[in-house]
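Spelled out, the chains give:
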Amino acid sequence: MICAPFLPMPRHDGRHWMERSDAMKTIGLIGGMSWESTAVYYRQINEAMRARLGGLHSAEILLHSVDFDSVVKLQKADAWDEAGRLLGRAAAGLEQAGADCVLICTNTMHLVADAVAGAVAVPLIDIIDETGKALAAAGRTRPLLLATRYTMEHGFYAERMRALHGIEVLVPEAADRGTVHSVIFDELCRGVIRDESRAALLEIVARGIAAGADSVVLGCTEICLLLDPDALPCPGFDSTALHARAAVDFALDREARRRVA
């Protein structure tokens with residue numbers, strides 16, 4: 001027997017038919033970039049929700065997982081406008097399905113955050129803003145950014161940190177930027193964890209501290225798979241964990257929702 005796929009019936013307001021509690025809002029995730037880190041988001045959001053609410057509680061999540069290969073091709077081609085339209089369509093679909101907020105589950109693709117935010121009426125929770133808030137609260141003003149080459153070199157990340165939080169982002173030297181980028185794309189995004197790469201990144205951190213960094217930002221959502229932010233020689237800030245926590249705060253806290261909106 002062939003069964004037709006289940007299709008949820010729309011409510012009169014166009015949202016998902018299932019009843020949802022006003023006490024918990026639905027989190028929309030644009031993931032798959034890579035799915036290795038999207039899995040971390042899913043786990044951390046649900047762990048935090050269970051810690052906050054107890055029992056068998058978990059988060060209301062909608063996930064649009066894109067084909068990362070298609071996104072990487074757009075990155076390499078410098079086709080950021082097209083990438084913005086791609087993720088904007090994903091965001092609009094999440095909103096139509098009932099998401100009350102949207103997160104882009106990658107630092108690099110916040111280069112097109114404005115296009116994604118413009119595609120929806122619900123708030124976009126920005127990973128750069130959430131990391132900047134944590135740095136500012138800790139009194140850290142010169143973080144070393146470990147991220148993809150796009151995030152470290154395109155300027156959007158450092159400019160937003162400076163404009164919104166007065167934070168001056170440091171990046172590694174060119175050769176070290178190449179090493180970090182390679183570890184991310186050739187290893188972490190493929191599920192490969194190597195002790196040699198951990199040691200190489202720790203050496204880059206040491207050089208950053210020597211150059212004046214007062215903290216380290218794990219500014220790629222995969223780097224937490226390799227480095228423990230609490231085991232670094234200076235304060236570490238894991239953007240994945242901070243972003244996931246902000247999503248939970250939004251979903252549960254009316255005041256947090258007002259701040260983001």
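What you are looking at is a predicted structure, and each value in this text was computed from that prediction instead of being measured.

Participant: In this structure, what is going on with the overall build of the protein chain? I would like to understand it.
Facilitator: Scanning the protein chain from terminus to terminus reveals eleven helices and six strands. When burial is assessed residue by residue, the protein chain has 50% of its 261 residues classed as buried. Considering only residue pairs separated by 6 or more positions, the protein chain has 75% of its internal contacts joining residues 24 or more positions apart. Looking at the protein chain as shown, the accessible area adds up to about 12,700 Å², and 53% of this sits on carbon and sulfur atoms.

Participant: Could you clarify how one ought to interpret helix 5 (residues 127-137) in this entry?
Facilitator: Helical geometry: 3.6 residues make up each α-helical turn, so side chains three or four residues apart lie on a common side. The buried count for helix 5 comes to eight of eleven residues, which makes it a mostly enclosed element. Taken together, the buried positions of helix 5 are occupied by I127, I128, D129, E130, T131, G132, A134 and L135. Close packing links the buried residues of helix 5 with helix 1 (35-53), strand 4 (143-146), helix 7 (156-165), strand 5 (215-218), strand 6 (236-238) and helix 10 (239-252). Among the residues trailing helix 5, G139 stands out with phi positive, at a value near 75 degrees.

Participant: Looking at this structure, how should I read the side chain of H181?
Facilitator: Within the fold, H181 resides in helix 8 (residues 174-187). The class of H181 is buried, set by a relative accessible area of 16%. With residues up to four places along the chain from it excluded, the contact list for H181 reads A147, T148, R149 and Y150.

Participant: Any chance you could explain the pairing of strand 1 (residues 27-31) here in plain terms?
Facilitator: Each regular strand displays side chains that alternate between the two surfaces of the sheet. Taking burial as the measure, the five residues of strand 1 include five buried ones, the bulk of the element. Burial along strand 1 is two-sided: the residues I27, L29 and G31 and G28 and I30 are all buried. Judged from the five bridges that link them, strand 1 and strand 2 (residues 61-65) form a sheet pairing that is parallel. Note that in strand 2 the partner of G28 across the bridge is L62. Each parallel crossover has a hand, and for strand 1 linked through helix 1 to strand 2 it is right-handed. Where strand 1 and strand 3 (residues 101-104) come together, four bridges link them in parallel fashion. Paired with I30 across the bridge in strand 3 is I104.

Participant: Looking at this structure, how should I read the sheet that holds strand 4?
Facilitator: Adjacent strands of a sheet pair through backbone hydrogen bonds, lying either parallel or antiparallel. Taken in spatial order, the three strands of this open sheet run 4-5-6, and their pairing is parallel. The open sheet has two edge strands with one neighbour each: strand 4 and strand 6. On average, each strand axis in the sheet is tilted by 20 degrees relative to the strand beside it, whichever way the strands run. Pairing analysis gives three bridges linking strand 5 to strand 6, with the strands arranged parallel. What sits directly across from V217, in strand 6, is F237. In the packing of helix 5 onto the sheet, contacts are made with strand 4, strand 5 and strand 6, and the angle to strand 5 comes to roughly 160 degrees. Sheet strands in contact with helix 9 (residues 195-210) are strand 4 and strand 5, and its direction is about 150 degrees off that of strand 4.

Participant: Is there a simple way to explain the packing of helix 5 against helix 10 in this structure?
Facilitator: The axes of two packed helices give the description: the angle between them and the distance between them. Here helix 5 crosses helix 10 at 100 degrees, and the two axes come no closer than 9 Å. Taken as axis vectors, helix 5 and helix 10 run roughly perpendicular relative to one another. Along its contact with helix 5, which presents I127, E130, T131 and A134, the element helix 10 presents S239, L242, H243 and A246. Counted by class, the contact of helix 5 with helix 10 contains four nonpolar, three polar and one charged residues.

Participant: Would you explain the environment of L63 in this entry?
Facilitator: Looking at the element boundaries, L63 is found in strand 2. Classification of L63 as partly exposed rests on a relative accessible area of 47%. Remark: the alpha-carbon pair of L63 and L29, spanning 34 residues in sequence, is separated by 4.7 Å. Once residues within four sequence positions are removed from consideration, L63 is found in contact with L29, G31, T38 and L94.

Participant: How should helix 2 (residues 68-76) be read in this particular structure?
Facilitator: Looking at helix 2, one finds that the buried residues are F68, V71, V72, L74 and Q75. Viewed end-on, helix 2 has its buried residues packed into an arc of 160 degrees, placing them on one side of the element. Residues of helix 2 that are exposed and point more than 90 degrees away from the buried face comprise K73 and K76. Turning to helix 2, the residues buried within the fold contact helix 3 (80-97), helix 6 (149-153) and helix 8. The positive-phi residue at the C-terminal boundary of helix 2 is D78, with phi of around 60 degrees.

About the cut-offs
Along each chain, residue indices are assigned from 1 in the same order as the chain's sequence is written. Where totals are concerned, whole chains, interfaces and linings use all residues; where local detail is concerned, this predicted model gives features only for residues with pLDDT of at least 70, and gives and counts side-chain atom pairs only at 80 or more. Side-chain figures throughout are based on the complete set of non-hydrogen atoms in the structure, without hydrogens or water. Secondary structure follows DSSP: runs of H or I at least 4 residues long count as helices, runs of E at least 2 residues long count as strands, and numbering of each begins at the N terminus. Categorising residues by exposure relies on relative accessible area from a 1.4 Å probe, with only protein chains included: less than 20% of the type maximum marks a residue as buried, more than 50% marks it as exposed, and the intermediate range marks it as partly exposed. Any two residues whose heavy atoms approach within 4.5 Å at even a single point are treated as in contact. Here, Shrake-Rupley sampling with a 1.4 Å probe gives the accessible areas, and only protein chains in the shown set may cover a residue. DSSP calls a pair of strands paired once it identifies at least 2 bridges connecting them. Looking down the strands as they point away from you, a crossover is right-handed if its path from the first strand over the helix to the second goes clockwise. Fitted lines through C-alpha atoms give the axes, limited to the stretch in contact for helices. The angle between two N-to-C directions lies from 0 to 180 degrees. Roughly parallel means an angle under 35 degrees; roughly antiparallel, over 145; roughly perpendicular, 65 to 115; everything else is oblique. Here the term charged refers only to Asp, Glu, Lys and Arg, the term nonpolar to Ala, Val, Leu, Ile, Met, Phe, Trp, Tyr, Cys and Pro, and the term polar to all other amino acids, Gly among them. Here the arc refers to the directions that run from the helix axis out to each C-beta atom.

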